Amino acid sequence: MLSCRPPPTRPEHHWHGERVLAVLAPGQGAQKPGMLTEWLELPGAESFFRWAGAIADADLLTLGTTGDAEAIKDTAVTQPLVVAMSLYVARELGGLPGPVQHAPHAGRDVVIAGHSVGELTAAALAGVLSVEAAIALTAVRGRAMAAACAQTPTGMSAVLGGDPDEVLAAIEKHGLTPANMNGAGQVVAAGALDGLEALKADPPAKARIMPLSVAGAFHTSYMASAREELDGLIGGLRPAEPSRLLLSNADGQAVDTGAAALSRLVSQVTSPVRFDSCLATMRELGVTAVIELPPAGALAGLAKREWKGAGIEILALTGPADLDRARELIDAERGRTEAEHLPDWRVVVSPVRGTVSPAEVAEGTSLPAGTPLGLIRSRREDVHVSAGYDGVLAEWLVHEGDLVDAGDPIARLYPEVSA
């Protein structure tokens, strides 16, 4: 029986070429007082943040230079501040859509993933949204989530370490939701304040509880009003198709259409962030180098712990002095011909931990996008898995009844190639 764990890395498990670059966009919680100050030394930086602030209807320049920790934790302004900062540095690297050339992401051997609100940054880097649309939508998202937080006192706490099943059981026991599954032994519980206090008083074995300085229970049903507000806006947007491989926090799988990307940006407001699945997919795709955009550090730390010993270079862009090394990594990635960038396979991964029941589909079958590939029975629910793109089922990587973790590969598909 084939193992349900990620198979050993073999040459055919990589895209053609020796280098695969991942670009990570951080989310709320990564901000720090004065985080813009050093970057303002670069030409055009001050103008960019004044322009971004005008779009977001917030003084991002002041918040990012003289705002204290209390000022920049306000959800309504933190989210556009973080996204604008990431997009500015991406511009410095030549990676914004529009009149600026897509230099860092010119090849197919680039994977883009954001964490929570960082998914709006990622959508812009993948060409789905314009910079203006990404900042404007982020500002609306931040204000709507701040309003939702004000309706009911809620919060979030990080659970560090412990047995994964025991951690999830403890979170459920206290009426909380695992809002962020970040990988590297980190789960964020969210919900009512009394439930969080009970979890802190009675933590799972070998786990540490760290309350987070946030306004409410993000990525849970408490954010329903914010999701509804965003849902009423996206019909007015005209997203482009992703021009680079864009991973989703929903399940770590690639998003193939602009419409799907927008839909997931809305649904993720009330859905758990599965960054662990994104990390698993990047590892399976053979990522060799990672750049985390500012305000950097948190995602780079997760990746280093999750991929310890894998020999993957992980660069957190903490200041302008890091730009030269980032450009070297970008140059190494884009130094190939377009033909070398075409992927020869794609992997379908499990979105949750549970027992797998594969669909009765024979290897070698041509599958249209949306074809059901099976069911994952977890402790909490049954989750259906389907093909996210047209392809040929090359190989099942699991059998009936196998236990899989979130991010474990289930099947390998080869994309359909036009004659």
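Residues numbered from 1 in each chain as written. Predicted model: local features only at pLDDT ≥ 70, side-chain atom pairs only at ≥ 80, totals over all residues. Heavy atoms only, no water.

*Asks:* What exactly am I supposed to notice about the layout of surface pockets here?
*Replies:* Think of a ball as big as a water molecule: rolled over the atoms, this probe shows where empty space is left. If you add up the space inside the second largest pocket, you get close to 740 Å³. In this structure, the second largest pocket is lined by 36 residues; those nearest its centre are Gln 28, Gly 29, Ala 30, Leu 212 and Ala 298. The dominant element in the lining of the second largest pocket, judged by the number of residues it contributes, is helix α11 (residues 298-306), at four residues. Across the lining of the second largest pocket, the residue classes tally to 19 nonpolar, 12 polar and five charged. (1 Å grid on protein atoms, 1.4 Å probe; cavity = no way out; pocket = protein on both sides within 12 Å on 5 of 7 lines; lining within 4 Å. Points joined across faces, edges and corners; volume = space filled by probe spheres on them. Helix = DSSP H or I, 4+ residues; strand = E, 2+ residues; numbered from the N terminus. Nonpolar A, V, L, I, M, F, W, Y, C, P; charged D, E, K, R; others polar.)

*Asks:* What am I meant to see in the sheet that holds strand β7 (residues 245-246) here?
*Replies:* In a beta sheet, neighbouring strands pair by backbone hydrogen bonds and run either parallel or antiparallel. Reading across from one edge, β7-β2-β1-β8-β9 is the order of the five strands in this open sheet, with parallel pairing throughout. Across the chains shown, the open sheet's two edge strands, defined by having one partner strand only, are β7 and β9 (313-316). Pairing of strand β2 (residues 110-114) with β7, which is carried by two bridges, proceeds in the parallel orientation. Across the sheet, residue Ile 112 finds its bridge partner in β7, namely Leu 246. Contacting β1 (21-25), β8 (289-292) and β9, α11 crosses the sheet at an angle of about 165° to β9. (Pairing = 2+ DSSP bridges. Contact = heavy atoms within 4.5 Å. Axes fitted to C-alpha atoms, helices over the stretch in contact; angles between N-to-C directions.)

*Asks:* Quick question: what am I supposed to make of the sheet that holds strand β16 (residues 403-404) here?
*Replies:* The sheet built from four strands is open, its strands ordered β14-β13-β11-β16 with antiparallel pairing. Two strands close off the open sheet at either side, each with one partner strand: β14 (382-386) and β16. Taken together, the four bridges between strand β11 (residues 354-358) and strand β13 (residues 372-377) define a ladder with antiparallel strand orientation. Bridging from a neighbouring strand, Thr 355 pairs with Arg 377 of β13.

*Asks:* Can you help me understand the packing of helix α5 (residues 131-151) against helix α8 (residues 224-231) in this one?
*Replies:* Across the interface, α5 lies against α8 with an axial gap of 7 Å and an inter-helix angle of 150°. Looking at the two axes, α5 sits roughly antiparallel to α8. You can see that α5 and α8 cross each other, and the crossing is right-handed. Contact residues: Leu 137, Val 140, Arg 141, Ala 144, Met 145, Ala 148 and Gln 151 in α5; Ser 225, Ala 226, Glu 229 and Leu 230 in α8. (Parallel < 35°, antiparallel > 145°, perpendicular 65-115°, else oblique. Left-handed = near helix turned anticlockwise from the far one by under 90°.)

*Asks:* I'm lost on the side chain of Thr 371 in this one. Help?
*Replies:* By secondary structure assignment, the location of Thr 371 is in the loop between β12 (366-367) and β13. Classification of Thr 371 by relative accessible area gives buried; the value is 15%. Not counting chain neighbours up to four residues away, the residues in contact with Thr 371 comprise Val 385, Ser 386 and Ala 387. (Buried < 20%, exposed > 50% of the residue type's maximum accessible area, 1.4 Å probe, protein only.)

*Asks:* Is there a simple way to explain the pattern of salt bridges in this structure?
*Replies:* One side chain can pair with another of opposite charge once the charged atoms of both are near each other. Across all of its chains, the model carries nine salt bridges by this definition. Among the salt bridges present, the one from Arg 327 reaches Asp 324, with a minimum N-O distance of 3.6 Å. Within this pair, Arg 327 and its partner Asp 324 are both found in helix α12 (residues 323-333), separated by three residues, close to a single helical turn. Each of Glu 313, Arg 325 and Glu 328 takes part in one network of salt bridges that share partners. (Salt bridge = Lys/Arg side-chain N within 4 Å of Asp/Glu carboxyl O.)

*Asks:* Hey, could you run me through the pairing of β14 in this one?
*Replies:* It is a general feature of regular strands that their side chains alternate between the two faces of the sheet. Here β14 shows one buried face, formed by Val 383 and Val 385, and one open face, formed by Asp 382, His 384 and Ser 386. Relative to β14, β13 runs antiparallel, the two sharing five bridges. In the strand pairing of β14, Leu 375 is matched with His 384. Hairpin connection from β13 to β14: four residues lie between these consecutive antiparallel strands.

*Asks:* Would you mind showing me how to read the pairing of β8 here?
*Replies:* Going residue by residue along β8, you find Ala 289 and Ile 291 tucked away on one face and Val 290 and Glu 292 tucked away on the opposite face as well. Two strands pair when backbone bridges link them, and β1 and β8 are joined in this way by four bridges, in the parallel orientation. Paired with Leu 24 across the two strands is Glu 292, which belongs to β8. In the classification by handedness, the crossover that spans β8, the intervening α11 and the parallel β9 is right-handed. (Right-handed = clockwise from strand over helix to strand, strands pointing away.)

*Asks:* Just to check I follow, could you spell out the packing of aromatic side chains for this structure?
*Replies:* The relation between two aromatic rings is expressed through the spacing of the ring centres and the mutual angle of the planes. With the rule as written, the count across this model stands at four aromatic pairs. Ring centres of Phe 48 and Phe 49 lie 5.4 Å apart, and the angle between their planes is 85°; this geometry places the pair in the edge-to-face category. Residue class for Phe 49 comes out buried when judged on its relative accessible area of 1%. Relative to Tyr 88, the ring of Phe 49 has its centre 5.3 Å away and its plane inclined at 50°; by these criteria the two rings are tilted. Here Phe 49, found in helix α1 (residues 45-56), pairs with Tyr 88, found in helix α3 (residues 75-92); they are 39 residues apart in sequence, far enough to count as distant. Tyr 88 shares its class with Phe 49; the two are buried. Aromatic rings pair up to connect Phe 48, Phe 49, Trp 51 and Tyr 88 into one cluster. (Phe/Tyr/Trp six-rings, centres within 6.5 Å; stacked < 30°, edge-to-face > 60°.)

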